[in-house]
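Listed below, chain by chain, are the residues.
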Amino acid sequence: MVFPFYKPVMISQPPTLDDAQYQDDILNGVSRTFALTIPQLPKALRQVIGNAYLLCRITDTIEDDNALTSEQTRYLSDMFSKVVCGDIAAEQFVNELYPLLSNHTIPAEQDLIKHTPAVIRITHSFNPVQRQALERCVRIMSCGMADYQDTETLDGLKDLPAMNLYCYYVAGVVGEMLTELFCDYSPQINRNKPELMKLSVSFGQGLQMTNILKDIWDDRKRGACWLPQDIFLDKGVILKKLQPGESNPGFQEGLAELIGVAKKHLCSALTYTCLIPAHEKGIRRFCLWALGMAILTLKNINRHRNFNDGQQVKITRNTVKATVLTTSIFAGNDWILNRLFNAASRQLPDTAISDELLFKR
């Protein structure tokens, strides 16, 4: 397949009111969770973080559409990175990607791809620090996810560091981006930037590992497995031979080990949240809602380690409402937040894996 050379195009068109309205509307279409959490943020952060999410969703759409070849995925991912940086016109990207999308891409995501120029006009209206954070995130995510797509099989990943690296590309780098945006917004938050940046990767990994564990069997249906082989080989389990519904004590032991790893990362997420000034309750709610839903999902997985469908361990709407209400009430109280986390995670297994391996990638 022959691809055209890139033609640098510096885009300077200002966003319109219609662009802003489209961003708000499409967020509801592609993510009910972020449509719920982003409005909790301070007004100065809502538009940039909403835009950042849509950029990541476009990147994810390129990676997920199985009608694209590996060569097309890499080319279009790299192209989109250059669109975000302003080196290529968004219209050119749409003209090349949109006709290639299959029914695997849901209608809301197809609509998002079609309206990439509106999203990018907003991206290019941000200040230099914000733009740099968004550009870096999309660049690292696009390259990393394309690398892992090339090795997507039922064999699983080589080891825990390989899983750590995958989680970094998918979620850890998003944590770093959000931290850059929070620090740009608030000089008080910026004072804790070095510690926040370290913890942000762990925060992202905890959320992503929870999703990986919840989606084990759904991912296998499409030929993917993001579990680390080494954890399960130690228990006598060969991942590619797994079948949903079979009783396998070794697999459940390996699952418990990974639940312990995810729990430790979510503990970092709580530490991260408590480093945000207590009066910034909107940012804290944004973090706490994600953390609360993740720890309760882990509890469900731990209770039902023999589950064979993600719906069986998904938290209920009532649980989501209770999490939102409780964390909102106590968002500024670190002592109560720690008590709530300890109570929610008490029955989860701990991990014996060393910190060196836990964070190695």
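Please refer to the structure higher up on the page.
Residues numbered from 1 in each chain as written. Predicted model: local features only at pLDDT ≥ 70, side-chain atom pairs only at ≥ 80, totals over all residues. Heavy atoms only, no water.

Draft legend 1. Quick look at the nonpolar core. If you look at the biggest cluster of nonpolar residues, it comprises 109 residues, and the most contacted ones within it are Ile-49, Phe-80, Phe-182 and Leu-227. For this core, the element with the highest residue contribution is helix 9 (residues 160-185), accounting for 14 residues. Leaving out residues up to four positions away in the same chain, Phe-182 has contacts with Leu-41, Leu-45, Ile-49, Ile-189, Tyr-272, Ile-276, Ile-283, Phe-286 and Cys-287. (Core = buried A, V, L, I, M, F, W, Y, C linked by side-chain atoms within 4.5 Å. Buried < 20%, exposed > 50% of the residue type's maximum accessible area, 1.4 Å probe, protein only. Helix = DSSP H or I, 4+ residues; strand = E, 2+ residues; numbered from the N terminus. Contact = heavy atoms within 4.5 Å.)

Draft legend 2. The packing of helix 1 (residues 17-30) against helix 3 (residues 43-64), seen in detail. Contact pair helix 1 / helix 3: the axes reach a minimum separation of 10 Å and the direction vectors enclose 55 degrees. It follows from the interaxial angle that helix 1 and helix 3 lie oblique. The hand of the helix 1/helix 3 crossing is left-handed. Where helix 1 abuts helix 3, its residues Ala-20, Gln-23, Ile-26, Leu-27 and Val-30 lie against Gln-47, Gly-50, Asn-51, Tyr-53, Leu-54 and Arg-57. Split into classes, the residues belonging to the contact of helix 1 with helix 3 amount to six nonpolar, four polar and one charged. (Axes fitted to C-alpha atoms, helices over the stretch in contact; angles between N-to-C directions. Parallel < 35°, antiparallel > 145°, perpendicular 65-115°, else oblique. Left-handed = near helix turned anticlockwise from the far one by under 90°. Nonpolar A, V, L, I, M, F, W, Y, C, P; charged D, E, K, R; others polar.)

Draft legend 3. Seen up close, the packing of aromatic side chains. Counted under the stated rule, the structure contains eleven aromatic pairs. Seen in terms of ring centroids, Tyr-166 and Trp-226 are 4.2 Å apart; in terms of plane orientation they differ by 10 degrees. Their pairing is stacked. With a gap of 60 residues between them, Tyr-166 in helix 9 and Trp-226 in the loop between helix 12 (216-221) and helix 13 (229-233) connect regions that are remote in the sequence. With respect to burial, Tyr-166 and Trp-226 carry one shared label: buried. With centroids separated by 5.4 Å and ring planes inclined at 25 degrees, the aromatic side chains of Phe-232 and Phe-251 adopt a geometry described as stacked. Here Phe-232 is found in helix 13, whereas its partner Phe-251 is found in helix 14 (residues 249-275), with 19 residues between them in sequence. (Phe/Tyr/Trp six-rings, centres within 6.5 Å; stacked < 30°, edge-to-face > 60°.)

This is a description of form; function is not addressed.
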